[in-house]
Amino acid sequence: MKATGRVAIVTGGGGGIGGAIAEELATHGARVVVADLDADAAQAVTDRINAASPGSAVAAGADVSDTAAIGDLIALAQQRFGPVNLYFANAGVLGVPGLEAGEADWDRVIDVNLRAHIRAAQLLIPDWVERGEGYFISTASAAGLLTQIGSATYAVTKHAAVGFAEWLAISYRDSGVRVSCLCPMGVNTELLYGGEKSGDPRGVAATRAVTSAGVVLEPAQVARDVLAAIDEERFLILPHAAVADMFRQKAADYDRWLRGMRRYQASLLDDIR
Ligand SMILES: NC(=O)c1ccc[n+]([C@@H]2O[C@H](COP(=O)([O-])OP(=O)(O)OC[C@H]3O[C@@H](n4cnc5c(N)ncnc54)[C@H](O)[C@@H]3O)[C@@H](O)[C@H]2O)c1
C-alpha cells in the first residue's frame, strides 16, 4: 500500500520509533493522528510534522490500551482527515524484570503490549473488511521471536503480539486487510535504556542483552524500513537482518539455543556484578 494520501493513527507517537514513523508517514504524504499517553510529546511531534507539511498531523493525548480512547482516536482521524487506512499499534512498555511482577504489573504490560492491539483490531477490522482495505502494523520486537533476557513481562507480551499479528494476517488478508509486524533489536530510544537506568541488575542485563547483540539503530532508519515494508505489503519487518539467522538457529535446535541464552545471560550478569 502506498502511504501517500492515506490516513494513519500512530500510537506511542510522542517519540522514539512511533515519532519517527509519524514523521516518515507525513514525508510520504499521509495524514497522521499522533497519539501518546504524553500529550505534550505527541504535540511536539505534531508541531514538527505540521511545520514541514502544514495540516498533516493532529495530536491526541490518550491511553491507547483503553477501548473508548481508541474509538475517540478513530473518530478524530475520521473527522479531521477521513476514514483510517493504517493503524500503527506501536506504544509499548518494558514492565517488571522477574517473577516478583504482580497481577497489576502483568495487567499493565499485557494491556499496552497486547490488548491494545486486540482492542484496536476489534474496532477497525470489521469496517476495513466492509471497505475491502486497511493496514494494521504491529510493533512487536525481536523479543517476540527470540526472547527478552531480564524481563518476563516484555518477552511474553511481545511473543503474544507476534502471534496476534500472524493470526490477523491469516484470517483477514483475503478480505483485503494487510498486516505487518515490526521486530527490531536495539533502537536508540528511552525504552531501550529504561532497564539500564532502573539500576536493577536484571534490568541492566535487559538493556545490555540488546545493545551487545547488534547495532543500535536510529528510529528514523527503522521508520524508513517500516514504510518500505508497507509499500511491499511484507509481513515481517526486520531492521536487524541478523534476527532472521537467530530465529532460524532457535528453530533448528531449541535446546542448543536455550543453552546459549543461559550462557549469554550469565556473562551479562557477571559483568554487571
Ligand atoms: N527501542 C527498542 O530497542 C525497541 C526494540 C524492539 C521493539 N521496540 C518497541 O517499539 C515500540 C516503541 O518503543 P520505543 O522504543 O520507541 O520507546 P519510547 O519509550 O521512545 O516510546 C514509547 C512511547 O509509547 C508511549 N506509551 C506507553 N504506554 C502508552 C499508552 N498506554 N498509551 C499511549 N502511549 C503510550 C510512551 O509515552 C512513549 O512515548 C514499543 O512497542 C517497543 O516495545 C523497541
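Relevant structure appears above.
Residues numbered from 1 in each chain as written. Predicted model: local features only at pLDDT ≥ 70, side-chain atom pairs only at ≥ 80, totals over all residues. Heavy atoms only, no water.

Student: What should I look at first to understand the overall build of the protein chain in this one?
Tutor: What the protein chain contains, in helices and strands, is 10 helices and seven strands. Expressed as a percentage of the 273 residues in the protein chain, the buried residues total 50%. For the protein chain, the proportion of contacts with a sequence separation of at least 24, taken over those separated by at least 6, is 72%. As presented, the protein chain carries roughly 12000 Å² of accessible surface, and 52% of it is formed by carbon and sulfur atoms. Considering the protein chain, the positive charge centre built from 24 side chains and the negative charge centre built from 32 side chains are found 5 Å apart. (Helix = DSSP H or I, 4+ residues; strand = E, 2+ residues; numbered from the N terminus. Buried < 20%, exposed > 50% of the residue type's maximum accessible area, 1.4 Å probe, protein only. Contact = heavy atoms within 4.5 Å. Areas by Shrake-Rupley, 256 points an atom, 1.4 Å probe, with all protein chains shown as cover. Lys, Arg positive; Asp, Glu negative; His and termini not counted. Charge placed at Lys NZ, Arg CZ, Asp CG, Glu CD.)

Student: Explanation requested: the site of the ligand in the structure shown.
Tutor: The immediate surroundings of the ligand are formed by 27 residues, with I17, D36, N90, Y154 and T189 found nearest. One nitrogen or oxygen atom from the main chain of I17 is found 2.7 Å from an oxygen atom belonging to the ligand. Take D36: an N or O atom from its side chain is 2.6 Å from an oxygen atom of the ligand. In the complex, the protein chains occlude 91% of the 820 Å² of accessible area that the ligand would expose alone. (Near = heavy atom within 4 Å. Polar contact = N/O pair within 3.5 Å; in protein donor to acceptor, adjacent residues only side chain to side chain.)

Student: Can you walk me through the environment of D66 in this structure?
Tutor: Relative to the helices and strands, D66 resides in the loop between β3 (57-61) and α3 (67-80). You can call D66 partly exposed: its relative accessible area is 37%. Remark: the alpha-carbon pair of D66 and A116, spanning 50 residues in sequence, is separated by 7.0 Å.

Student: Help me understand the pairing of β3 in this model?
Tutor: Consecutive residues of a regular strand have side chains that alternate between opposite faces of the sheet. Here strand β2 (residues 31-36) runs beside β3; their pairing, made up of five bridges, is parallel. In the sheet register, D36 faces β3, and the bridge partner there is G61. Taking the sense of rotation as the criterion, the β-α-β connection linking β2, helix α2 (residues 39-52) and β3 turns out right-handed. (Pairing = 2+ DSSP bridges. Right-handed = clockwise from strand over helix to strand, strands pointing away.)

From the geometry alone we can't say anything about function, so treat these as descriptive.
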